[in-house]
Amino acid sequence: MQTEARFWAIVPAAGAGTRMGSDIPKQYLTLGDRTVVEHTLDTLLSCERLAGVILVLSPADQRWTGIQQRYTQQALETVNGGAERCDSVLNGLKHLAARAGDDDWVLVHDAARPCVRPEDIEHLMNTLQGSGEGGLLGVPVADTMKRVDDELNISDTVDREGLWHAYTPQMFRIGALRAALQQAVDNGHPVTDEANAMELAGYRPRMVQGARDNIKITLPSDLPLAAFYLQSRQSS
Ligand code: C5P
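A brief report on the enclosed structure follows. (Residues numbered from 1 in each chain as written. Predicted model: local features only at pLDDT ≥ 70, side-chain atom pairs only at ≥ 80, totals over all residues. Heavy atoms only, no water.)

Details of the site of the ligand
Line of reasoning, step 1. The environment of the ligand is formed by 16 residues, the closest being P12, A14, K26, G82 and S88.
Line of reasoning, step 2. The contact in question runs from an oxygen atom of the ligand to an N or O atom on the side chain of K216, over 3.0 Å.
Line of reasoning, step 3. For the ligand, whose accessible area on its own is 460 Å², the fraction buried by protein is 86%.
Line of reasoning, step 4. Judged by the proximity of its atoms to the pocket grid, the ligand belongs to the largest pocket.
Line of reasoning, step 5. Across the shell around the ligand, the residue classes tally to six nonpolar, four polar and six charged. (Near = heavy atom within 4 Å. Polar contact = N/O pair within 3.5 Å; in protein donor to acceptor, adjacent residues only side chain to side chain. Areas by Shrake-Rupley, 256 points an atom, 1.4 Å probe, with all protein chains shown as cover. 1 Å grid on protein atoms, 1.4 Å probe; cavity = no way out; pocket = protein on both sides within 12 Å on 5 of 7 lines; lining within 4 Å. Sits in = over half its atoms within 2 Å of the grid points. Nonpolar A, V, L, I, M, F, W, Y, C, P; charged D, E, K, R; others polar.)

Quick look at the pattern of salt bridges
Line of reasoning, step 1. In total, this model carries 15 salt bridges according to the counting rule given.
Line of reasoning, step 2. Residue D33 pairs with R34 through a salt bridge whose shortest N-O separation is 3.1 Å.
Line of reasoning, step 3. Judged by its relative accessible area of 64%, D33 is exposed.
Line of reasoning, step 4. Several salt bridges share partner residues, and in doing so they unite D33, R34, E38, D42 and R70 into one network. (Salt bridge = Lys/Arg side-chain N within 4 Å of Asp/Glu carboxyl O. Buried < 20%, exposed > 50% of the residue type's maximum accessible area, 1.4 Å probe, protein only.)

Here we look at a nonpolar patch on the surface
Line of reasoning, step 1. Together, V148, L152 and I154 give the surface a local cluster of nonpolar side chains, amounting to about 300 Å² of exposed area.
Line of reasoning, step 2. By the element assignment, L152 lies in the loop between β8 (145-148) and β9 (154-158).
Line of reasoning, step 3. Residue class for L152 comes out exposed when judged on its relative accessible area of 66%. (Patch = residues over 30% accessible without salt bridge, like charges linked within 9 Å, V, L, I, M, F, W, Y side chains within 5 Å. Helix = DSSP H or I, 4+ residues; strand = E, 2+ residues; numbered from the N terminus.)

Structure (structure tokens):
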């Protein structure tokens, strides 16, 4: 008898976040009453369809121990990350192999995207669970796009028709994603998202439109913006 595929989440949180210009990695910056990573985990852990969440931490991480007691009752495990995001996700997938099937789904979600909406996670799962190839949340590009040279002179205007921002979660079958990421790493192709690894392996991931405010904390100005998005949801 075939059992129904389950859903898992991997949260890569092993980056240094150097573009923030802060000594504190961006996932540990304070956003309202909690850190960025706590917002992210709290939203994922509120999704009842997720069988478990794997948080991927830097081996040098010294901040998680101060937070982890909040989560002792939850379906949350930690594992060490690697040099690049794809190495971190691959470590999470290898850890999952002990309890999840290759046909189960995994949703990889950046720790640095604390504004993801539970309803968008549900929408992603509902849209893709019947498909073979998986996909990701994203939004269509709204601005006119320019390509520039090293001196910031415009070389051309890129047609934005069909251009989307790739967000997370990115949802794929565990076995297929593990093989695709391993292949990308072995070929010296450090992909910056899971969809790219799947594309290189011959799949055609599907884009699922989510909310535009699922921003990734990257620059200092992103933090007050994320705080505003979260606050305005609480008061609405
Ligand atoms: O640096 P970037 O914004 O692309 O990172 C996206 C996510 O991947 C962040 O949550 C970061 O902590 C994580 N990451 C990781 N391991 C790395 C690099 C980044 O888990 N080696």
